[in-house]
Amino acid sequence: MSAVERRTDWAGRLLRGGTLAVAGLTALTWAYASVLWRVTDVVGGGQQFLGVLVASFGLALLVGRFVGVRAAVGLASALFGLGLAGYLLALPQSQLQLLTPRRALADTVALLTGLSILRLVGAGVWATAVLPGPVFLSWYLAVRRRYVAAAVAGGLALGLVVLTGDADGVTTLVGVLGATATVAAATFERHGVDVGGLDALTVVLAAMVVASATLTVVPGAAGSPILPDRGSPTVEANLVESRDRVEIVGSIRLSPKIRFTVESPRPQYWQTGAYDRYTGDGWVRTGTTRPYEGPLRGPPGPTDPLEQTVTARDSMSVLPAAWRPISLDGAVSERAVVTPQGTLRPGGTLQSGDRYTVRSRVPQASPERLRAAGTDYPDRVTDSYLQLPSSTTQRVRERAASVTADAETPYAEAVAIERYLESNKEYSLSVPPPSGDVVDTFLFERDAGYCTYFATAMVVMLRSEGVPARFVTGYTSGEQTGDGEYVVRGLNSHAWVEVYFPEVGWVRFDPTPGGPRETAEEARLTEARQSGETNVDLPGPNGTVTPPVGAPAGATTPQLPAGATPGASNATPGTPNATPTQAGSSPASDSGSGPLPVPLPSLPSRRMLLIGAVALVGLTAGARRTGTAGRMRRLLAVQYQRRRDPETDVARAYRRVATVLERRHRPRRPGETPRAYFRSLPDGHGGAAEARRVGDLYERARYGGGVDRDDADEAVALADELVRSATPVLRWFRSRS
């Protein structure tokens, strides 16, 4: 049996045995389960998840030979139903009260149109609940050798997590590849296959994967926050416009464009979003919004009323307001929605000139009251605002414990962490993308970061100490242009922290160094004014662009009076916001006005490595299918010759020359002697004389009196010369040398 026949027989036995189907279904199951595993990794429940996965697989193998298909489909449906029932029972009572049939239907539609699983309350329970049914059914069908049906069952499950947006490109590609291989196994088992057919399938699959991956990477797509002239997102696009999810990125820019103006008797931070679930590389807002239907409940403790009128100066998809907003007036109120975290959002997009009025109740509490607040947190707060993913390292927890070692109350812990971050980390907008868990990277591997890093680190450190905290986005107060009037630009977008205190509510802390941040904002605004950028200042009375007379270029946050208390005006507990500019955070580098530093080379992403590997496999299979692989292998084989005895060396030299002549002249005909073959070369053919000499030496070695070492050296040298002249790449290198 020839080598090709042996390979064909091996491939046939492999496919007939269902090995390809098992491999494909394994890839498909991995793709589906890995997405759900990621969810449990963030919110907890990984051990239960693995147990359910193993049990579902084992049940499929156990009953596959004894239970009929109808009974198995019924069992899978029962598993799915029981899982969802368990999820509903695990929901907090407050969530169950909101779960009407209409709401359940709306949430289901939202899941199928991009609602991330991580946004579900009890996401870990949901992920474990929906796992066993599809896994059991797909592997049961595989045991019954119904490979197409198995691929359909697994593909539908994968499609669900693709629609929710939780499956990344790599996972989706692996799943599609696995499903296609499973279907191909069924076809091969029915009709048979040879090695050529296997190569053709591999080429098609590789082309599908590479094409789909290439077509989904569309730089500069609509809605992308990437600035084409800068190459990095703005702080505003990354934080404020992210809506339900904030990804923590590397270097970032400031936008000087005016977004809105505020009429308010005093400055505040204008909040746009709050996030409760930390994923290790970003933040997610859980739960779904509800329509705004009238006044909202205020904080539990003493508050100070504040009315603000906001006028959009550009299109906006947010409703900035001081925490906590209670009521909303204006046309936008008819379609506004309320998030589970208590912030307001428009039901559409505000256009330039749109106005609305918000009345807020700002929490009022002195440091003494916060110290005495205690730790009697409501269950709804601890359930949502103490979560940490498994990526949170032990050294992060130990650092938090060390920083707060002398703190006796949650308030003291918050102040200690705020001051620690302000004094130990520098402010910079030019930072490499995070690697691994963001907080671990920032605390132990980086010297600098911007507001997203500071706020994330403080929330995680507080949660590791059992103090409820959340990540908040919005804008600082902006530039005061008159009595009770503020202009807010994109560069005022910011992230900070809110800590929960019983009988008080959410209180703001800001661990980002205020001085360097304001310096960066001033530098960016000055640059924009000097370069004549539009929409960075309001028109003056004479129609010209006029910055406020006597005001610093970027006075974005009013200075706080000494001893300011939390919740009063723009105060933040702990150290003052304005601190001296720290070393390494010069305005030029932080403002985003100059070019970004040249980034260090980085390893390709997991996605790119997988796509490259798939492309390489496809090219290899295509080369086998077309015969290119064999020709290349023979061409490479003639490039070098090891020396042995004279007769062997001459014979090897002859075969090398014959291989070259097959490409440049013609193959040797059946029954044609070496002498006749070489004599058929035209006299003008390059290397004809050398080839004939090698042929003569070969005849002498095989049929004559033999050859000596000198003859062998001559034959090898002539063969080397012919090979080099016949190989374009080698010929080019030879000419260069």
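Residues numbered from 1 in each chain as written. Predicted model: local features only at pLDDT ≥ 70, side-chain atom pairs only at ≥ 80, totals over all residues. Heavy atoms only, no water.

(A) Molecular detail of the overall build of the chain. A tally of helices and strands in the chain yields 27 helices and 18 strands. Taking all 737 residues of the chain together, the buried fraction comes to 48%. Restricting the contact set of the chain to residue pairs at least 6 apart, pairs at least 24 apart contribute 75%. Total accessible area on the chain is roughly 33900 Å²; 57% of this is exposed by carbon and sulfur atoms. (Helix = DSSP H or I, 4+ residues; strand = E, 2+ residues; numbered from the N terminus. Buried < 20%, exposed > 50% of the residue type's maximum accessible area, 1.4 Å probe, protein only. Contact = heavy atoms within 4.5 Å. Areas by Shrake-Rupley, 256 points an atom, 1.4 Å probe, with all protein chains shown as cover.)

(B) Just the packing of helix α23 (residues 646-664) against helix α25 (residues 688-703), in detail. Running from N to C, α23 and α25 cross one another at 140°; their axes reach a closest spacing of 9 Å. Here α23 is positioned oblique relative to α25, judged by the angle of their axes. In terms of crossing hand, the pair formed by α23 and α25 is left-handed. The residues of α25 that touch α23, namely those facing E647, V650, A651, A653, Y654, V657 and L661, are A691, V694, L697, Y698 and A701. (Axes fitted to C-alpha atoms, helices over the stretch in contact; angles between N-to-C directions. Parallel < 35°, antiparallel > 145°, perpendicular 65-115°, else oblique. Left-handed = near helix turned anticlockwise from the far one by under 90°.)

(C) The arrangement of the sheet that holds strand β10 (residues 344-345) in detail. If you trace the 3 strands from one edge of the open sheet to the other, you get β6-β9-β10, paired in antiparallel fashion. Only two strands of the sheet have a single neighbouring strand rather than two, namely β6 (290-291) and β10. Pairing geometry for β6 and strand β9 (residues 337-338), over 2 bridges, is antiparallel. Within β9, the position partnered with P291 by the bridge is V337. (Pairing = 2+ DSSP bridges.)

(D) Layout of the sheet that holds strand β4 (residues 277-278). One open sheet accounts for 3 strands, arranged β1-β5-β4; its pairing is antiparallel. Both outer strands of the open sheet, β1 (245-247) and β4, are each paired with one neighbouring strand and no more. The sheet contact formed by β1 and strand β5 (residues 282-284) spans 3 bridges and is antiparallel. Residue R245 lies in a different strand from β5, and its bridge partner there is V284.

(E) Layout of helix α16 (residues 410-424). Given a rise of 1.5 Å per residue, 15 residues ought to cover 21 Å, and the 21 Å separating the end C-alpha atoms of α16 matches this to within 8%. Buried within α16 we find P410, Y411, E413, A414, V415, I417, E418, Y420, L421 and E422. The inward-facing, buried residues of α16 contact α13 (367-371), α15 (394-403), α17 (438-445), α18 (451-464), β17 (493-501) and β18 (505-509). (Expected span 1.5 Å × (residues − 1).)

(F) Just the packing of aromatic side chains, in detail. On inspection of all chains with the given rule, the structure shows 17 aromatic pairs. The interplanar angle of 70° and the centroid separation of 5.2 Å between the aromatic rings of F442 and F454 together place this pair among those described as edge-to-face. Here F454 lies in helix α18 and F442 lies in helix α17, a separation of 12 residues in the sequence. Residue F442 shares its accessibility class with F454, and that shared class is buried. Between Y500 and W506, the ring centres sit 5.2 Å apart and the planes meet at 70°, which makes this aromatic pair edge-to-face. Members of the aromatic cluster, joined through ring pairs, are Y275, Y278, W283 and F471. (Phe/Tyr/Trp six-rings, centres within 6.5 Å; stacked < 30°, edge-to-face > 60°.)

(G) Structural view of the nonpolar core. Counting 87 residues, the largest nonpolar core has L328, L421, L462, V497, V499, F501 and F509 as the members making the most contacts within it. The leading source of residues in this core is α18, at 10 residues. Excluding residues that lie within four positions of it along the chain, F501 makes contacts with L370, A373, P410, Y411, V507 and F509. Ranked by size, the runner-up nonpolar core spans 43 residues in total, among them A60, A76, Y87 and A127. (Core = buried A, V, L, I, M, F, W, Y, C linked by side-chain atoms within 4.5 Å.)

(H) Fine view of the environment of G353. Tracing the chain through its elements places G353 in the loop between β10 and β11 (355-363). Judged by relative accessible area, G353 falls into the partly exposed class, the value being 46%. For the pair G353 and D314, spaced 39 residues apart in sequence, the C-alpha to C-alpha distance is 7.9 Å. Among all residues touching G353, those that are not within four sequence positions of it are T311 and A312.

(I) Structural view of a nonpolar patch on the surface. Side chains of V148, V152, L156 and V183 sit close together on the surface and give an oily, nonpolar patch of about 340 Å² of accessible area. No other element matches helix α9 (residues 147-163), which puts 3 residues into the nonpolar patch. Residue position: V148 is located in helix α9. (Patch = residues over 30% accessible without salt bridge, like charges linked within 9 Å, V, L, I, M, F, W, Y side chains within 5 Å. Salt bridge = Lys/Arg side-chain N within 4 Å of Asp/Glu carboxyl O.)

(J) Highlighting the pattern of salt bridges. Summed over the entire model, instances satisfying the criterion amount to 27 salt bridges. A salt bridge links E247 to R245, with the nearest nitrogen and oxygen atoms 2.9 Å apart. We classify E247 as partly exposed; its relative accessible area is 34%. Judged by relative accessible area, which is 28%, R245 ranks as partly exposed.

(K) α15, seen in detail. Along α15, the residues classified as buried are V396, A400 and V403. Each buried residue of α15 lies within a common arc of 70° when the element is viewed along its axis, so the set occupies one face. In this structure, α15 carries Q394 and S402 as exposed residues pointing more than 90 degrees from its buried face. Buried residues along α15 sit in contact with α16, α17 and α18. (Arc of directions from axis to C-beta.)

(L) Region of interest: the packing of α15 against α18. Where α15 contacts α18, the two axes come as close as 9 Å, and the packing angle between them is 80°. When the axis of α15 is compared with that of α18, the two are roughly perpendicular. Counted together, V396, R397, R399, A400 and V403 of α15 and V460, M461 and S464 of α18 form the full contact between these two elements. Partitioning the contact of α15 with α18 into residue classes produces 5 nonpolar, 1 polar and 2 charged. (Nonpolar A, V, L, I, M, F, W, Y, C, P; charged D, E, K, R; others polar.)

(M) Spatial organisation of the pairing of β11. Across 9 bridges, strand β7 (residues 303-312) lies against β11 in antiparallel orientation. From the neighbouring strand, T303 faces β11, where its bridge partner is P363. Bridge count between strand β8 (residues 325-329) and β11: 4 bridges; the pairing is antiparallel. From the neighbouring strand, D329 faces β11, where its bridge partner is T357.

(N) Spotlight on the side chain of S428. Its location among the elements puts S428 in the loop between β12 (426-427) and α17. At a separation of 3.2 Å, a polar atom in the side chain of S428 contacts the main-chain amide nitrogen of S430. (Polar contact = N/O pair within 3.5 Å; in protein donor to acceptor, adjacent residues only side chain to side chain.)

(O) Inspection of unusual backbone geometry at higher detail. With an omega dihedral of 0°, the bond running from W323 to R324 counts as a cis peptide bond. By the element assignment, R324 lies in the loop between β7 and β8. Despite not being glycine, N535 shows a phi value in the positive range, around 60°. Counting through the fold element by element, N535 comes out in the loop between α19 (514-530) and α20 (587-590). Classification of N535 by relative accessible area gives partly exposed; the value is 31%.

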